[in-house]
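# A closer look at the structure
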Amino acid sequence: MAFMSAPELSTSYLAKLCEFDTPTICNVIELFAVRPQTDGYMDARIAACFPEMAPTCGYAATATFRSALEPRGNIAYGSLAGQIARFEEVPGPPFVVIQDLDVPTKSATFGEVMAASYKSFGVAGLITSGAARDLDQVRAVGLPCFADGVISSHGFPRLLDFMVPVHVGGLGVYPGDLLHADQNGVTNIPAEIAGEVADVCQEFCDAEAVVIDYCAAGEVTKDGYAAALRELGARVKRLRERVRRP
């Protein structure tokens, strides 16, 4: 499948996406049948640093990183200022995605200074295959962050290349991909359906509520529960038939 850049979406539409958790976004994407149900999301290596923070979404502003080796000679590296200058290349709020090239990860990819800098430039969140640090301070900044662990030192941190394809948590991420993330993990939203997903989420939640509300009401019976499941299935089927791509 050819790569498609995510479309520029309105601020209000992105806010609507953030009204729903990432599992709901994944469930709705499945209805469109535009990719296998085992594709499009990061694996368990990438975890929320601050699970209490609300869902967030934005457009991937990618970079690569190393911290294990002291720089020598005239090797040129990228800079944080240089990275921030390129945020304008994505069509909406940047969602920084950094692939740590050191295996295993040697030092933290980000801390308080980087988080504060990103937040001030409207970054929606930060994801790295590397490690976090300064957790109390970054929490205070209010930037949703996702990482593969925590390490106390920054080693020799160097940002390398910007706006290049990266591989984080088992997911290939291209510059400009639309990402959605919360305490449950990170998913991308396929470009061809990006402008439709949010409008289907509430209907999907209402379908699930048929069973959830039945269970919460008490006096559950096998027949009543089976009927609630059938109603859930029927609603989801109608949704799928309406949005499914040929």
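Residues numbered from 1 in each chain as written. Predicted model: local features only at pLDDT ≥ 70, side-chain atom pairs only at ≥ 80, totals over all residues. Heavy atoms only, no water.

Before going further, it helps to spend a moment on unusual backbone geometry. In terms of backbone geometry, most residues other than glycine have negative phi values and most peptide bonds are trans. Residue Pro 104 follows Val 103 across a cis peptide bond; omega there is 0 degrees. As for its placement among the helices and strands, Pro 104 is situated in the loop between β3 (94-100) and β4 (108-110). Backbone geometry places Asp 134, a non-glycine residue, at a positive phi of 55 degrees. Among the secondary structure elements, Asp 134 is positioned in the loop between β6 (131-132) and α5 (135-141). Look at Asp 134 and you get partly exposed, because its relative accessible area is 27%. Although it is not a glycine, Glu 219 sits at a positive phi angle of roughly 55 degrees. Among the secondary structure elements, Glu 219 is positioned in the loop between α6 (197-217) and α7 (222-243). Glu 219 gets classed as exposed once you look at its relative accessible area, which sits at 78%. (Helix = DSSP H or I, 4+ residues; strand = E, 2+ residues; numbered from the N terminus. Buried < 20%, exposed > 50% of the residue type's maximum accessible area, 1.4 Å probe, protein only.)

This part is about the layout of surface pockets. Counted as a void, the second largest pocket has a volume near 260 Å³. Considering only residue class, the lining of the second largest pocket consists of eight nonpolar, five polar and four charged. (1 Å grid on protein atoms, 1.4 Å probe; cavity = no way out; pocket = protein on both sides within 12 Å on 5 of 7 lines; lining within 4 Å. Points joined across faces, edges and corners; volume = space filled by probe spheres on them. Nonpolar A, V, L, I, M, F, W, Y, C, P; charged D, E, K, R; others polar.)

For Asp 182, the position within the fold is in strand β11 (residues 178-182). Although Asp 182 is buried, it makes no salt bridge; Arg 35 carries the closest opposite charge, 13 Å away. Here Thr 22 takes part through its backbone nitrogen, which lies 3.0 Å from a polar atom of the side chain of Asp 182. Within the structure, Asp 182 has its side chain in polar contact with the backbone nitrogen of Asn 184 (distance 2.8 Å). If near-sequence neighbours (up to four positions away) are discounted, Asp 182 is found in contact with Asp 21, Thr 22, Pro 23, Ala 48, Pro 55 and Phe 146. (Lys, Arg positive; Asp, Glu negative; His and termini not counted. Salt bridge = Lys/Arg side-chain N within 4 Å of Asp/Glu carboxyl O. Polar contact = N/O pair within 3.5 Å; in protein donor to acceptor, adjacent residues only side chain to side chain. Contact = heavy atoms within 4.5 Å.)

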